[in-house]
Amino acid sequence: MARSATAKIAPGRASSRDVVPQRAKVTSLVRGERNCSVARMLDIVSDAWAFLIIREAFFGTRTFEAFRSALEIPRATLTDRLRKLTRLEIFRQVPTHVGRRKEYRLTKMGFDLYPSFIALMQFGDRWLSVNKRPPLILVHRSCGCESRPIVACSECSSELEVRAVDYRDGPGAGRQPSKPGRNTRRASDGSRFMLGRPSSVSRALQIIGDKWSFMVVREAFFGNRRYDKIQSELGIAPNILTDRLSRLVAQGIFHRRLYQRAPERYEYLLTDMGRDLYGPFIAMLAWGDRWHSKGKPPLLLRHSKCEHDFHASVICDKCHKPIVAADMQYKLNYDPKEYGALGPRSIT
Ligand SMILES: [Zn+2]
Ligand SMILES: [Zn+2]
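Per chain, residue numbering runs from 1 following the sequence as it is written. As a convention, the first chain written is A and the first ligand written is 1, with the rest following in written order. In view of the model being predicted, local features appear only for residues whose pLDDT reaches at least 70, and side-chain atom pairs are presented and counted only at 80 or more, with totals across whole chains, interfaces and linings using the full set of residues. Side-chain numbers here rest on the full set of heavy atoms in the structure, without hydrogens or water.

**Student:** Could you give an account of the coordination of the zinc ion (ligand 2), naming the residues involved and the relevant values?
**Tutor:** Water is not among the atoms examined, so metal sites may look incomplete; donors are the N, O and S atoms within 2.8 Å of the metal, or within 3.2 Å for Na, K and Ca. In this structure, His-140 (ND1), Cys-143 (SG), Cys-316 (SG) and Cys-319 (SG) serve as the protein donors to the zinc ion (ligand 2), at separations of 2.1 to 2.4 Å. Viewed at the metal, the four donor atoms of the zinc ion (ligand 2) are separated by angles of 98 to 120°, and the geometry they form is tetrahedral. Written as a sequence motif, the donor arrangement for the zinc ion (ligand 2) is H-x2-C-x172-C-x2-C. Highlighted residues: His-140 in strand β5 (residues 136-140) and Cys-316 in the loop between β14 (312-315) and β15 (328-332), separated in sequence by 176 residues. Only protein chains enter the calculation, and the probe is 1.4 Å; a residue is then buried if its accessible area is under 20% of its type maximum, exposed if over 50%, and partly exposed in between. For His-140, a relative accessible area of 0% corresponds to the buried category. Donor angles set the geometry label: tetrahedral for four donors if every angle is between 85 and 135 degrees, square planar for four and octahedral for six if opposite donors exceed 155 degrees and the others are between 65 and 115, irregular for anything else. Put simply, DSSP H or I for four residues or longer makes a helix, DSSP E for two residues or longer makes a strand, and each gets a number counted from the N terminus.

**Student:** Kindly report on helix α9 (residues 211-221), identifying the contributing residues and their values.
**Tutor:** Structurally, the α-helix is built with 3.6 residues per turn, so residues lying three or four positions apart point the same way. Counting buried residues along α9, 11 of its 11 residues qualify, which places the element largely inside the surrounding structure. Of the positions making up α9, those classed as buried are Lys-211, Trp-212, Ser-213, Phe-214, Met-215, Val-216, Val-217, Arg-218, Glu-219, Ala-220 and Phe-221. Following α9 by one or two positions, Gly-223 has its phi on the positive side, about 90°.

**Student:** Go over the coordination of the zinc ion (ligand 1), please, and point to the residues and values.
**Tutor:** For the zinc ion (ligand 1), the full set of protein donor atoms is Cys-153 (SG), Cys-156 (SG), His-303 (ND1) and Cys-306 (SG), and the range of their distances to it is 2.1 to 2.3 Å. Taken together, the four donor atoms coordinating the zinc ion (ligand 1) span angles of 103 to 116° at the metal, a pattern that classifies the geometry as tetrahedral. The motif formed by the donor residues of the zinc ion (ligand 1), counted along the single chain, is C-x2-C-x146-H-x2-C. With a gap of 150 residues between them, Cys-156 in the loop between β7 (150-153) and β8 (165-169) and Cys-306 in the loop between β12 (299-303) and β13 (308-309) connect regions that are remote in the sequence. For Cys-156, a relative accessible area of 32% translates into the label partly exposed. For Cys-306, a relative accessible area of 19% gives the class buried.

As far as function goes, none of this settles anything; it's purely spatial.
As structure tokens, then:
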């Protein structure tokens, strides 16, 4: 069945004060989690430490001590996360010539997280920059330009928007039982995303790094905007859904609209900012499909603008070439001394 994401969007943000709890409806029918390539990536990066370690690796950090001093992360935690990321094949261990020391290098799959990080960073820069100044300026070495990468259609290279994409089930479609305990993040975790270098990716992950928040936003991309519909699609507990919807309204991702007066019912529509999450979403989807779907993506995407099936590609807005980590240089737009971070350098 084709699902078309064609929500009518009214601009503007709702404030947190007009959120009232929706009625609680208990459903015994838990449908399980939709197989989803984006969720596979979020499983990895929604752990704040894992995300920060990967980000440092993009900056060129490779050794245990270098990670430890850049992030001030406890030794046991760092050991645990490096082991986990190595097991997930994001890193590989490489012996060095200096003693028995080992380095952690990103694998191809690890490096391929980069376009998604860039897409999240662009989102964060547009909507979440504290002083309206992006913390990093990107320079694309292939063309020498200051680059503002865009998430584009692989077939026609035009920027992707949620309303121009149709979905249908792919060969990997299906559901798996929800795994209890995996979906909740400790409340304290959110602030940890902000450690070390200021980063727009961290800010974006504060919003969608929580897995339930992400899944609620994903339902919006599929055109599902009503409480009951979202609840039955996700099999989510009513109190969690109410909490996440309130939070997403407060963060400016959704605004609420009354669609029925007696009893009062609201639907949740993406704001401009919410729709702009679509770029990172679809970039993460492409990563999950490339590395974790065994050639059987759960969703197939069709671009209505060019009428082709496509995958998302993060490209330079100036030269339209795909963004890869080795081609990018950063200029810091903040004083690194304030953060104890390293000076500007390329990531190769
Ligand atoms: Zn296209
Ligand atoms: Zn370029």
